[in-house]
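Architecture at a glance
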There are 6 protein chains.
Amino acid sequence: MKKISVIRKAHFNAAHRLHNPNWTDEKNKDVFGLCNNPNYHGHNYDLEVKVSGELDPETGYLIDMKLLKDIIKEKIELVFDHKNLNVEVPQFKNLNPTAENIAIVIYDILRKEIDEKYDIHIRLYETARNIVEYPY
Amino acid sequence: MKKISVIRKAHFNAAHRLHNPNWTDEKNKDVFGLCNNPNYHGHNYDLEVKVSGELDPETGYLIDMKLLKDIIKEKIELVFDHKNLNVEVPQFKNLNPTAENIAIVIYDILRKEIDEKYDIHIRLYETARNIVEYPY
Amino acid sequence: MKKISVIRKAHFNAAHRLHNPNWTDEKNKDVFGLCNNPNYHGHNYDLEVKVSGELDPETGYLIDMKLLKDIIKEKIELVFDHKNLNVEVPQFKNLNPTAENIAIVIYDILRKEIDEKYDIHIRLYETARNIVEYPY
Amino acid sequence: MKKISVIRKAHFNAAHRLHNPNWTDEKNKDVFGLCNNPNYHGHNYDLEVKVSGELDPETGYLIDMKLLKDIIKEKIELVFDHKNLNVEVPQFKNLNPTAENIAIVIYDILRKEIDEKYDIHIRLYETARNIVEYPY
Amino acid sequence: MKKISVIRKAHFNAAHRLHNPNWTDEKNKDVFGLCNNPNYHGHNYDLEVKVSGELDPETGYLIDMKLLKDIIKEKIELVFDHKNLNVEVPQFKNLNPTAENIAIVIYDILRKEIDEKYDIHIRLYETARNIVEYPY
Amino acid sequence: MKKISVIRKAHFNAAHRLHNPNWTDEKNKDVFGLCNNPNYHGHNYDLEVKVSGELDPETGYLIDMKLLKDIIKEKIELVFDHKNLNVEVPQFKNLNPTAENIAIVIYDILRKEIDEKYDIHIRLYETARNIVEYPY
């Protein structure tokens, strides 16, 4: 069987602030700088979801890209887009919405939605110059 | 004299919400949809500033691009980046921070900083698919 | 009133061939080269629709971008996407689907859908290196 | 010896349709949707060929990029560009030209042309949002 | 007759330094900074040539893009690519190779090669963030 | 512990020529072609530095991106930007500045600056179509 990967791109626009509630305000400002702004700032997040596994010889597909697109739309874009991540996305109630943690949360959500026979991998662009990949 | 244009790109990341305080909450939601989210959302704004005028034959420059870069950095990027536009940028206290109005505010700021002998023109990307140009 | 422009990006994937039925096969091959392939070839067309006019001070919008997006989706993307332009899009029954003519057809379609108080302008990418703009 | 990779980008424009001749028309339409259009549609395919191996200390090259460019031009671009993949590329006579299968066909062609001491890897963009990588 | 524009992209990689021989070394360093480095530095220049005029109804072309591509290849890319602009391109013997002047030189070369019935316009990217347009 | 990667993009513009001093001029011209031009040519190099390791649960960071950005700025951008690599960057006194060798030199410089607990990986774009990755 041939092992292959497909990648689907998506995006969402959201507000966030970086903050560790166990630290003083001073330490938060020191570590997170402008990203600690209590009034929030925001990003256009570009997301790439890579799915890997064995090619289905009957369809010539690894996975139906329309299905993958719909899963990402329903479980990620509709949940994160035009939201304040700290306030409105439950996973970040007690988790700092760094690009790293957003990528891990997205991975954890999609891992439950996509058949276990596939590996998945997340690439998240917070800006054109700052990117995160998970897992390693 | 040869008339020529130069364009300098810049960017900033900010939070905003669209809201007209003279309208009911219902009408705001109806007109601005997800963009009316009271908890804010955000964007990576990409900015292109075009400056037009007569070439200086001694330097071969229209304008010193380092100077233009520094003006944009000081007057726009430092003022808008990692900010909540509605709360922290005074021009939007009573002005809805649509992409159109942000472009006009940027134009008005830069118009005062750049010598009158030059024309200026703003292109602002709110997302990769939504762009504004001012003036017309 | 402030005159301003907004640009919305869209795309569609289509097959086409270049062919003038009034010419011999030889002349068609000579003029259109590989693009005359009778079995068709195809492109991912990227489309930019620019709309220009006076800013609405109440909304801070030139035009509701969701409305513009929906018009482009319904009148262009649904009609052109995953189609054979020569065979399935009526405007090209007797019109050669060059990038130039596709841009003009898109302009003519949208001109009827978008309020006359706005000017419109089309930018169409046939490839990353071949682009058309209409009107001039 | 230092192990390193180089990547060369190329592209081609082609028409295709997705279809499994062992299935009913109904099932084909159901599985492949718009991509099953019997009149074909098309794409600008962007191709990245990664070649990996040991650096040649005399040249400072892994492989001569002009050589790699010429192989890709002769064996892939001239064969696929401005073609109908289903009708004119023999490998797809009995193979569905999904992005996955196109990537595998390109890999198989290039594997014979590029010295065995190098590993090769294919990344194929069917659209800006749909990408395939082979091998896994 | 319908007036329309087409744009063709091209590129070349070249070395240059900015220097005015009528000035002292000190003034050159002061005005041109790092760009005055006597050992040269370089760029990947991206070029967009826009040609405007009346559509030919018989072909559906404004101008044959293959012809335009060949003119740009022969008159610009072969002359500028992998060259030291100051030393090897005659137009810059006594002209400072700023992005502005390179755009004007390209315009002047192409103006003689492209039929007068067409208008032409140059967009030159010196870097992703510094762009020049000529004419105004 | 969760293993994750972050990528930071940077760039520099430099001149170079490819040349092996142990070879005749003829062999150099034969192997390196236009890249052997004794007057140099140049590129806008785009650099991606990937850092991999274990997420710090207190910050939600793998590594402080501002720190990574500053290291790249000080150790790479300030050293390579607007320079003639052959003449002004000591590592290339006796090393041919191919894209492969530039990537290895950048890796070796950053390896000493970034904590050993992290893996690092370099992706260097010499042009939009020629890319190198190190290590393999």
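In what follows, the structure referred to is the one given above.
Each chain carries its own residue numbering, running from 1 in the direction its sequence is written. Each chain takes a letter, starting from A, and each ligand takes a number, starting from 1, following the order in which they are written. Under the rules for a predicted model, residues below a pLDDT of 70 receive no local features and side-chain atom pairs below 80 are neither given nor counted, while totals for whole chains, interfaces and linings still include all residues. Each side-chain value is derived from all of the structure's non-hydrogen atoms; neither hydrogens nor water enter the calculation.

Some remarks on the relation of the copies chain C and chain D
Superposing chain C onto chain D takes a rotation of 180 degrees plus a shift of 0.0 Å along the axis, which leaves an RMSD of 0.0 Å. Both copies are brought into coincidence by an operation consistent with a two-fold rotation axis. A shared binding surface is used by both copies, with 100% of the interface residues of chain C retained as interface residues in chain D. Each copy is superposed on the other by least squares, with the fit set by C-alpha atoms of residues at a pLDDT of at least 70 in both. Here, residues are in contact when the closest pair of their heavy atoms is within 4.5 Å.

As for the interface of chain C and chain B
At the interface, 25 residues of chain C touch 20 residues of chain B. Contact between chain C and chain B buries roughly 2,000 Å² in total, counting both sides, with carbon and sulfur atoms accounting for 50%. A pair is scored as a salt bridge if a Lys or Arg side-chain nitrogen falls within 4 Å of a carboxyl oxygen belonging to Asp or Glu. In this assembly, chain C and chain B are joined by 1 salt bridge. Note that Glu 133 of chain B and Lys 50 of chain C form a salt bridge whose closest N and O atoms lie 2.8 Å from each other. Under the rule applied, a polar contact is a pair of N or O atoms within 3.5 Å (in protein, one hydrogen donor and one hydrogen acceptor; residues adjacent in sequence only if both atoms are side-chain atoms). Where chain C touches chain B, the interface holds 13 residue pairs in polar contact (both at pLDDT 80 or more). Going along the chain from the N terminus, every DSSP run of H or I of four or more residues is numbered as a helix, and every run of E of two or more is numbered as a strand. Elements that contribute at least two residues to the side of chain C that touches chain B include exactly strand 1 (3–16), strand 2 (41–54) and helix 2 (65–80) of chain C. Of the residues forming the side of chain C that touches chain B, the biggest block, 9 residues, is contributed by strand 1 of chain C. Nonpolar residues are Ala, Val, Leu, Ile, Met, Phe, Trp, Tyr, Cys and Pro. Charged residues are Asp, Glu, Lys and Arg, and all others, Gly as well, are polar. Its residues placed into classes, the side of chain C that touches chain B shows 9 nonpolar, 6 polar and 10 charged. Pairing analysis gives 4 bridges linking strand 5 (residues 130–134) of chain B to strand 1 of chain C, with the strands arranged antiparallel. When the sheet's bridge partners are listed, Glu 133 of chain B is paired in strand 1 of chain C with Ser 5 of chain C. Summed over both partners, the accessible area (1.4 Å probe) lost when two parts come together is defined as the buried area. Two strands pair under a simple rule: DSSP has to find at least two bridges between them.

Section: the interface of chain C and chain D
Contact with chain C, which involves 20 residues of that partner, is made by 20 residues of chain D. Taking both sides of the interface into account, the surface hidden between chain C and chain D amounts to around 1,600 Å²; carbon and sulfur atoms contribute 52%. Counting the surface chain C buries against chain D, the share from its top three residues, Asn 39, Asn 44 and His 82 of chain C, is 35%. Put simply, chain C and chain D have 0 salt bridges between them.

Describing the packing of aromatic side chains
Within a pair of aromatic rings, the relevant descriptors are the distance that separates the centres and the angle that separates the planes. Planes of paired rings set the category: under 30 degrees apart is stacked, over 60 is edge-to-face and the rest tilted, where pairs are Phe, Tyr or Trp rings (Trp by its six-membered ring) whose centres lie within 6.5 Å. Evaluation of the coordinates by the stated rule reveals 36 aromatic pairs over all chains. With centroids separated by 5.6 Å and ring planes inclined at 20 degrees, the aromatic side chains of Trp 23 of chain A and Phe 32 of chain A adopt a geometry described as stacked. Residue class for Trp 23 of chain A comes out buried when judged on its relative accessible area of 11%. Ring centres of Phe 80 of chain B and Phe 92 of chain B lie 6.4 Å apart, and the angle between their planes is 85 degrees; this geometry places the pair in the edge-to-face category. Of this pair, Phe 80 of chain B sits in helix 2 (residues 65–80) while Phe 92 of chain B is found in the loop between helix 3 (85–88) and helix 4 (99–113), placing the two residues 12 residues apart along the sequence. Here the two residues Phe 80 of chain B and Phe 92 of chain B agree in accessibility, since each one is buried. Of the aromatic side chains, those joined through ring pairs into one cluster are Phe 12, Tyr 45, Phe 80 and Phe 92 of chain A. Whether a residue is buried, partly exposed or exposed follows from its accessible area with a 1.4 Å probe, protein chains only, as a fraction of its type maximum: under 20%, in between, or over 50%, in that order.

Notes on unusual backbone geometry
A cis geometry characterises the amide bond from Tyr 134 of chain C onward to Pro 135 of chain C, with omega recorded as -5 degrees. Here Pro 135 of chain C is to be found in the segment after strand 5 (130–134). Positioned with a positive phi, His 82 of chain B is a non-glycine residue whose angle comes to about 60 degrees. Tracing the backbone through its elements, the reader meets His 82 of chain B in the loop between helix 2 and strand 3 (83–84).

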